[in-house]
There are 2 protein chains.
Amino acid sequence: MNKSYIALCGGVGGSKLADGLARILPPDRLTIVVNTADDFDHLGLRICPDLDTVTYMLSDLAHPQRGWGRADETWACMEVTKQLGGDSWFQLGDRDLALHLYRTQRIKEGASLSAITSEICRRFGVEHSLVPMCEEVVNTIIDTEIGELSFQDYFVRHQCAITAHRVRYEGLGRAKPSAAFEAALSSPQLAGIIIAPSNPILSIGPIVGLAGVREAIAERRIPVAAVSPLIGGKAVKGPADKLLAELGYEAGNGGLLAYYGGLIDGVIIDSRDEVIGANPGNLTVSGDILMKDAQDRIRVAQLCIDLLSRLT
Amino acid sequence: MNKSYIALCGGVGGSKLADGLARILPPDRLTIVVNTADDFDHLGLRICPDLDTVTYMLSDLAHPQRGWGRADETWACMEVTKQLGGDSWFQLGDRDLALHLYRTQRIKEGASLSAITSEICRRFGVEHSLVPMCEEVVNTIIDTEIGELSFQDYFVRHQCAITAHRVRYEGLGRAKPSAAFEAALSSPQLAGIIIAPSNPILSIGPIVGLAGVREAIAERRIPVAAVSPLIGGKAVKGPADKLLAELGYEAGNGGLLAYYGGLIDGVIIDSRDEVIGANPGNLTVSGDILMKDAQDRIRVAQLCIDLLSRLT
């Protein structure tokens, strides 16, 4: 029986591990479930930053350094948007715009986010199953020292520079896992769940907070392995360490484990970091988890599959 | 007392004469009223083809030959739209897209088309008053041999190649002239109205069909001069001659005069064309009305002002 896997991921770090997994697992053995709680409307368009980042990575269109958008991008529309006095704090490239226009139009036509994501993936040559965590609108709200902020306000406009007190996911209580996520979770082939090195609070929190997800994992005793987004106590990209600390967790792998609590059975940390001391019920594996190129991504993906086989 | 003028216009031919008039009249003496009955929604964006063409022409951004869009344009977004299987029959350039995104966003925010047009003009450096004919949505519907078609379906998709039986302007009965159009019509300075060499049925018909426009002109005895869109019996661009013939008018300047009926007091036709024989109550002036460059546009604009002064 062919084992299948679920990867839970956000944007940058998540897209890298998703790509590594897609390079070692055939399409019918991997479901990539992507956070949609930082989706938002901008210039009248529906933007799904994490879905887009993963889509571009898997279709080999991603910008190799920037962490968002396409490599072959131009900015003519943004230049004129600035001239017109329109919102330009969120950069939208000319090619990228086509994706947002297409998605926004299909939403108006009544298509589900899952269906639209699948159409975009097919057109971009992505063979693996890339699915939104849910169809419903969920909004991550960050309560900060200057009041409540939407995710993009906090992340892009304020560059995460202000102190957060609390994070909540507006609408999550009414949301259900998407049909493809649900199907992957209940598949008899499911051999493990991989939590990508994405921000635990901003990217993974909404996915595992969906109704029934933790219960399904616990009930079926599906092994769960997380890759740490931290190296040397710092997030490779983004505010994971800062946010963990601000919300009362240790700003390091200890804090990560505390946040994930009973959810995970094993964790892969970087070999440069100390193995977490008190770690009952968790298997910690060390390795080089920095992903700069496709070979790195394959290596970390293989570490995940190996760890899951040890956890079964 | 400074005399002021109103120009009624559609897209290509209209934009050229509007530009000529703007080059010889100061901003406070010219109101350019633009047809909006071929505005439509495309890829979720509100597109106003005639307003855009005139805006680009007056801001010196227009493509010199094509008759629509900008000179400095790229097509990256359209290429990806095609790849995604999205609608690509109506070409939207990357820079042009910014204008449609801005307008669509402002409409959602509740701004009027007049206010938005004025914002865009200010940002693009257009000093003359460019105003939509009305704020309400009006849709030109062409009843053809294959059934009723929207304007863009007829004009862009079918390239006007099919036979029209009738043209109607859906929503015109509920529409009122925009405030700026109304104000220009009732200004004591108003010395004349210029009908640009646009398609009489598709571009001018909706404007003069607005409630009260013909009445205001007749009541105040404002002289009206039209520039023929035909040279040698053929439209310089577009289907004016073909459409006149299909709707039962002569396919030439005689048909043009019959269509405008009692509305106009004088007409400027090309010197290559025969002066229309039976033309009671109309002063016909001949000149070189082909507008290839700014000098041509100034010359035809001056012909209009001269004719109007003779008609006063």
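This section reports on the structure supplied with the text. Just so it is clear, the structure is predicted and the values come from calculations on it, not from any experiment. (Residues numbered from 1 in each chain as written. Chains lettered and ligands numbered in written order. Predicted model: local features only at pLDDT ≥ 70, side-chain atom pairs only at ≥ 80, totals over all residues.)

Looking at the sheet that holds strand 6 (residues 139-144) of chain A
Residue and element names in this part refer to chain A.
Stage number 1. Strand order in the open sheet formed by three strands is 7-6-8, and the pairing between neighbours is antiparallel. Taken across any chain shown, the strands that pair with only one partner, and hence form the sheet edges, are strand 7 (147-150) and strand 8 (164-170). Taking the axes of each pair of neighbouring strands and ignoring which way they run, one obtains an average angle of 25 degrees across the sheet.
Stage number 2. The pairing of strand 6 with strand 8 spans six bridges and is antiparallel. The residue of strand 8 that forms the bridge with T140 is Y169. (Pairing = 2+ DSSP bridges. Helix = DSSP H or I, 4+ residues; strand = E, 2+ residues; numbered from the N terminus. Axes fitted to C-alpha atoms, helices over the stretch in contact; angles between N-to-C directions.)

So, the packing of helix 1 (residues 12-24) of chain B against helix 2 (residues 49-58) of chain B
Residues and elements named next belong to chain B.
Stage number 1. Where helix 1 meets helix 2, the axes come as close as 9 Å, and the angle between the chain directions of the two elements is 40 degrees. Helix-helix and strand crossings are classified by hand; for helix 1 and helix 2 the assignment is right-handed. Between helix 1, through V12, G14, S15, K16, A18, D19 and A22, and helix 2, the contact on the second element is made entirely by D50, T53, V54, M57 and L58.
Stage number 2. A breakdown of the residues in the contact of helix 1 with helix 2 according to their chemical character gives six nonpolar, three polar and three charged. (Left-handed = near helix turned anticlockwise from the far one by under 90°. Contact = placed C-beta atoms within 7 Å. Nonpolar A, V, L, I, M, F, W, Y, C, P; charged D, E, K, R; others polar.)

Topic: the relation of the copies chain B and chain A
Stage number 1. When chain B is fitted to chain A, the residual RMSD is 0.0 Å, and the transformation amounts to a turn of 180 degrees plus an axial shift of 0.0 Å. Here the two chains are linked by the operation of a two-fold rotation axis. Residues of chain B ranked by C-alpha distance from the rotation axis are headed by D94 of chain B, positioned 3.0 Å from it.
Stage number 2. Both copies contact each other with a shared surface, as 100% of the interface residues of chain B are interface residues in chain A too. (Least-squares fit on C-alpha atoms with pLDDT ≥ 70 in both.)

Overview of the interface of chain B and chain A
Stage number 1. Opposite the 23 residues of chain B that make contact, chain A presents 23 residues.
Stage number 2. When residues of the side of chain B that touches chain A are traced back to their parent elements, those giving at least two are helix 3 (76-83), helix 4 (94-108) and helix 5 (113-123) of chain B.
Stage number 3. The greatest single-element share of the side of chain B that touches chain A, amounting to ten residues, is contributed by helix 4 of chain B.
Stage number 4. In the side of chain B that touches chain A, the residues fall into eleven nonpolar, eight polar and four charged.

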